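Report on the structure
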Amino acid sequence: FCLAFVLMVLGFSLKGFFINVFHVSGEYRAIFSSTLNLTFLSYLFVFPSIVYIGLLSGLQRFDFLKSIEIVTFLIYSVFVVVFLILGKSFEYIIYGYLGLFVLRFVLNIIAVKISLPKVMKSKLNFAKIKEVIKMAKFLFIMKFSSFIYHNMPRTVVAVFLGPIFVTFHEIVVKIPKTLKSSL
């Protein structure tokens, strides 16, 4: 929750910067701003959900994980179709996506409570938790730096050249990977 809160506040404070970097025109600034607000608000549900998804994965309860994923995406798909039929703007689709994260968060909590009734009532070993936290720090730093390294070219192309060139970049990058995997 702390990481999610920090990222949400950071996102809110950098919202003006994002609007200027992506050169959003005046008529779309309000919609883009509210969309960014909803995206940053979704961090409060996305990051804590990672803990529950990790618990369910560790317990090998993929039946719960995939069932939750299927149900939430089906509900989201119905909302998107309804919004399109009603002629709503894409902002409503973002509302639906935020609702999807909230629903998935709640369902993950319920699935963990069902899967772990004995563990929830037992005593936790805090020395082991501290050891896991120490290892998680390094893992987080490695994953974060890996994420930046692998997405930096695409981000740089998007910021400096525009979204059309991101497509060209993706094509150029994916053709060699496809050829390697097929040979």
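Since the structure is predicted, the reported quantities are computational estimates derived from the model, not experimental observations.

1. As for the packing of aromatic side chains
Enumeration according to the criterion identifies 12 aromatic pairs in this entry. Judged by centre distance (6.0 Å) and plane angle (55°), the rings of F17 and F18 are tilted. Given the relative accessible area of 24%, F18 is considered partly exposed. Summarising the aromatic geometry, the rings of F45 and F105 are spaced 5.9 Å apart at their centres and angled 65° between planes, so their arrangement reads as edge-to-face. You can see F45 sitting in helix α3 (residues 29–58) and its partner F105 sitting in helix α5 (residues 90–115), a full 60 residues away along the chain. With a relative accessible area of 22%, F45 lands in the partly exposed category. Taken together, the ring pairs in this structure connect F12, F17, F18, F40, Y43 and F47 into an aromatic cluster. Over the ring of Y92 we find K88; its NZ or CZ atom is 5.1 Å from the centre of that ring.

2. As for the pattern of salt bridges
Taken as a whole and assessed by the stated rule, the structure comprises 2 salt bridges. Among the salt bridges present, the one from D63 reaches R61, with a minimum N-O distance of 3.0 Å. Accessibility expressed as a relative area gives 42% for D63, which makes it partly exposed. Ionic pairing is found between E69 and K66, a salt bridge with its closest N-O pair at 3.4 Å. Here E69 and its partner K66 are both found in helix α4 (residues 62–86), 3 residues apart, which amounts to about one turn of the helix. E69 gets classed as partly exposed once you look at its relative accessible area, which sits at 33%.

Thresholds applied
Position numbers for residues count from 1 along each chain, tracking the sequence in the order it is written. Only residues with pLDDT of at least 70 are given local features in this predicted model, and only at 80 or more are side-chain atom pairs given and counted; all residues enter the totals for whole chains, interfaces and linings. For side-chain calculations, the full set of non-hydrogen atoms in the structure is used, while hydrogens and water are omitted. Aromatic rings from Phe, Tyr and Trp, taking only the six-membered ring of Trp, are treated as a pair when their centres fall within 6.5 Å; an angle between ring planes under 30 degrees marks them as stacked, one over 60 as edge-to-face, and anything in between as tilted. When a residue's accessible area, from a 1.4 Å probe over protein chains only, is under 20% of the maximum for its type it is buried; when over 50% it is exposed; and in between it is partly exposed. In DSSP terms, a helix is any run of H or I states spanning at least four residues, a strand is any run of E spanning at least two, and both are numbered starting from the N terminus. Whether a charge sits over a ring comes down to the Lys NZ or Arg CZ being within 6 Å of the ring centre and within 35 degrees of the ring normal. Whenever a carboxyl oxygen of Asp or Glu lies within 4 Å of a side-chain nitrogen of Lys or Arg, that contact is scored as a salt bridge.

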